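Observations on chain architecture
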Amino acid sequence: MDKLLIQGGVPLKGEVAMSGAKNAALPILCAALLTAEPLDLMNVPHLNDISTMLRLLGEMGVTVRMDEADGLSLDASGLNNPVASYEMVKTMRASILVLGPLLARCGEARVSLPGGCAIGARPVDQHIKGLQAMGAEVTVEQGYVHAKARRLKGARICTDMVTVTGTENLMMAACLADGETIIENAAREPEVVDLANCLIAMGAQISGAGTDVIRIRGVDRLHGAAHAVMPDRIETGTYLCAAAVTGGDVRLLKTSAAYLDTVVDKLMDAGCDITVERDAIRLVAPPRLKAVSLRTAPYPAFPTDMQAQFMALNCIAEGVATIRETIFENRFMHVNELMRLGANIQIEGNNAVVRGVDHLEGATVMATDLRASASLVIGGLVARGETLIDRIYHLDRGYERIEEKLARLGASVRRVR
Ligand code: UD1
């Protein structure tokens, strides 16, 4: 299993380009299931989660053509097997995103239940409830969701909580339904908007994406389209944190601060100097960061996917920060590992109290989930001496060529096998 070896203490400096957003690309790949015509995508990140999704779509009869850069063409004209097996779904929860499009296009779908994952139980009851409201017959047997509907019908759906993939699944299903669907309490995440823009390019009639009420007027068929995936706001935020903790000065290219307001605000509160350009962000770190408290919540509030990285930042900041996680019940697994680097953190329920220390010391630590891994990289970059991060397959799920990008900014990072 690959590990990452980091020699800490080097301020990050220079420029590096950000990749396309994983969490936008995954649902957009599934949107290809909705049409028999080719969907051409650009700015698709090279990530293990993307390869998994492409393998899953391939098993269903979708053909994939890749160009040498970051373009992909998906052709679901031969879609013949509306099934997502446990073997595929267990490695990536986002596989549940095939459920809505398969049901809408094939009238039937069999998708393995994703089950629990490290950061929380993460049920899919809202996805199922929404499809039932649209007239689907849904049974759950032997760990599989089996959904059937000759044609879905438009419905008014109000989800019990804000769910990102739930909103995306229902929005995709509604595109081919008979009549109008209204999704209330919809997720407002920019990735939902990117998916909606791709669907609109494919001929879908969607309004309100980016607000908490999305209206979709169903059409008989969707057609092919070309779409460029939005930049990854979480990758961008992660590199900004890495630059901040190391006392760096970086310019991140091919990205946008438009969806990073809360993250940029917190970094400025921590004392960073940030300049926003059209397609780039520059961060200059202060001599010592100040502690910043935060509370995660659905967009536009502070993203849960940036919580671990800010925890790492607060470990070496001046003062005390309180971090409150409100989305997932078990998303503090990085805390014990950061403490192995010398951090001072106390957990009380879903609050973590971080008391900044002067410095961290390198150690061997273990990645437990995707964003927890990112916080350990940040910890390793600022720690004195060597940090060895085990189980970095989690990182490879969501950060494209992370050691190369960090090396471009001057970090001493090496992958060891
Ligand atoms: C997506 C993101 C993930 C991010 C999360 C929250 C993708 C591929 N993943 O995950 O990176 O951390 O949003 O911003 O986009 N819930 C239910 N029942 C459901 C659905 C959700 O109880 O049917 C609960 C979840 O357990 C969680 C909360 O709702 O506590 C929010 O989850 P949700 O927004 O659905 O997360 P994902 O879409 O899985």
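Here is a short report on the structure shown in this document.

Quick notes on the rules
- Residues numbered from 1 in each chain as written.
- Predicted model: local features only at pLDDT ≥ 70, side-chain atom pairs only at ≥ 80, totals over all residues.
- Heavy atoms only, no water.
- Near = heavy atom within 4 Å.
- Polar contact = N/O pair within 3.5 Å; in protein donor to acceptor, adjacent residues only side chain to side chain.
- Areas by Shrake-Rupley, 256 points an atom, 1.4 Å probe, with all protein chains shown as cover.
- Helix = DSSP H or I, 4+ residues; strand = E, 2+ residues; numbered from the N terminus.
- Pairing = 2+ DSSP bridges.
- Contact = heavy atoms within 4.5 Å.
- Axes fitted to C-alpha atoms, helices over the stretch in contact; angles between N-to-C directions.
- Expected span 1.5 Å × (residues − 1).
- Buried < 20%, exposed > 50% of the residue type's maximum accessible area, 1.4 Å probe, protein only.
- Phe/Tyr/Trp six-rings, centres within 6.5 Å; stacked < 30°, edge-to-face > 60°.
- Lys NZ or Arg CZ within 6 Å of the ring centre and 35° of its normal.
- Core = buried A, V, L, I, M, F, W, Y, C linked by side-chain atoms within 4.5 Å.
- Salt bridge = Lys/Arg side-chain N within 4 Å of Asp/Glu carboxyl O.

The subject of this paragraph is the site of the ligand. Inspection of the region around the ligand gives 18 residues, with D125, T163, T165, D305 and I327 positioned closest. Contacts to the ligand include D305, whose side-chain N or O atom sits 2.6 Å from an oxygen atom. In isolation the ligand exposes 740 Å². Once the protein is present, 87% of that is buried. Broken down by secondary-structure element, the contributors of at least two residues to the shell around the ligand are α5 (125–133) and α6 (164–175). Examining the composition of the shell around the ligand, we find that 3 residues originate from one element, α5, more than from any other.

This part is about the sheet that holds strand β6 (residues 83–84). Taking strand neighbours across the sheet as the criterion, the 4 strands line up as β6-β7-β9-β8 in an open arrangement whose pairing is mixed. Only two strands of the sheet have a single neighbouring strand rather than two, namely β6 and β8 (137–141). Contacts from helix α4 (residues 99–106) reach β6, β7 (108–112) and β9 (144–148) within the one sheet, and its direction differs from that of β7 by about 160°.

Moving on, we come to helix α8 (residues 233–245). Taking 1.5 Å as the rise per residue, α8 with 13 residues should run 18 Å; its terminal C-alpha atoms sit 18 Å apart, in good agreement. Burial analysis of α8 places 13 of its 13 residues in the buried class, which makes it a mostly covered element. Positioned one or two residues after α8, G247 has a phi angle of 70°, which is positive.

Scanning all chains against the criterion turns up 1 aromatic pair. Here the aromatic rings of F302 and F310 are separated by 5.1 Å at their centres, their planes lie at 90°, and the arrangement is edge-to-face. The burial state of F302 is the same as that of F310; both residues are buried. Positioned above the aromatic ring of Y144 is the side chain of R110, whose terminal nitrogen or guanidinium carbon lies 4.5 Å from the ring centre.

Another point: the nonpolar core. Counting 78 residues, the largest nonpolar core has V98, M171 and L199 as its most contacted members. With residues near it in sequence (within four places) discarded, M171 still touches I183, V192, L195, A196, L199, I206, I214 and I216. By size, the runner-up hydrophobic cluster in this structure holds 69 residues, among which are V250, L283, V365 and I378.

Moving on, we get to the pattern of salt bridges. For the structure on display, the rule yields 22 salt bridges. Note that D160 and K129 form a salt bridge whose closest N and O atoms lie 2.8 Å from each other. One end of the pair, D160, is in the loop between β10 (156–158) and α6; the other, K129, is in helix α5, with 31 residues separating them in the sequence. Take D160: its relative accessible area is 54%, and that puts it in the exposed class. In this structure, E400 and R401 form a salt bridge, with 3.2 Å as the shortest nitrogen-oxygen distance. With relative accessibility at 7%, the residue E400 sits in the buried group. Salt bridges sharing common partners tie together D2, D396, E403, R415 and R417.

P300 follows Y299 through a cis peptide bond whose omega is 10°. Tracing the backbone shows P300 in the loop between β18 (294–295) and α10 (307–315). Unusually for a residue other than glycine, Q142 sits at a positive phi of about 50°. Mapped onto the elements of the fold, Q142 is located in the loop between β8 and β9. Assessed through its relative accessible area of 80%, Q142 is described here as exposed.

None of this, on its own, says anything about what the molecule does.
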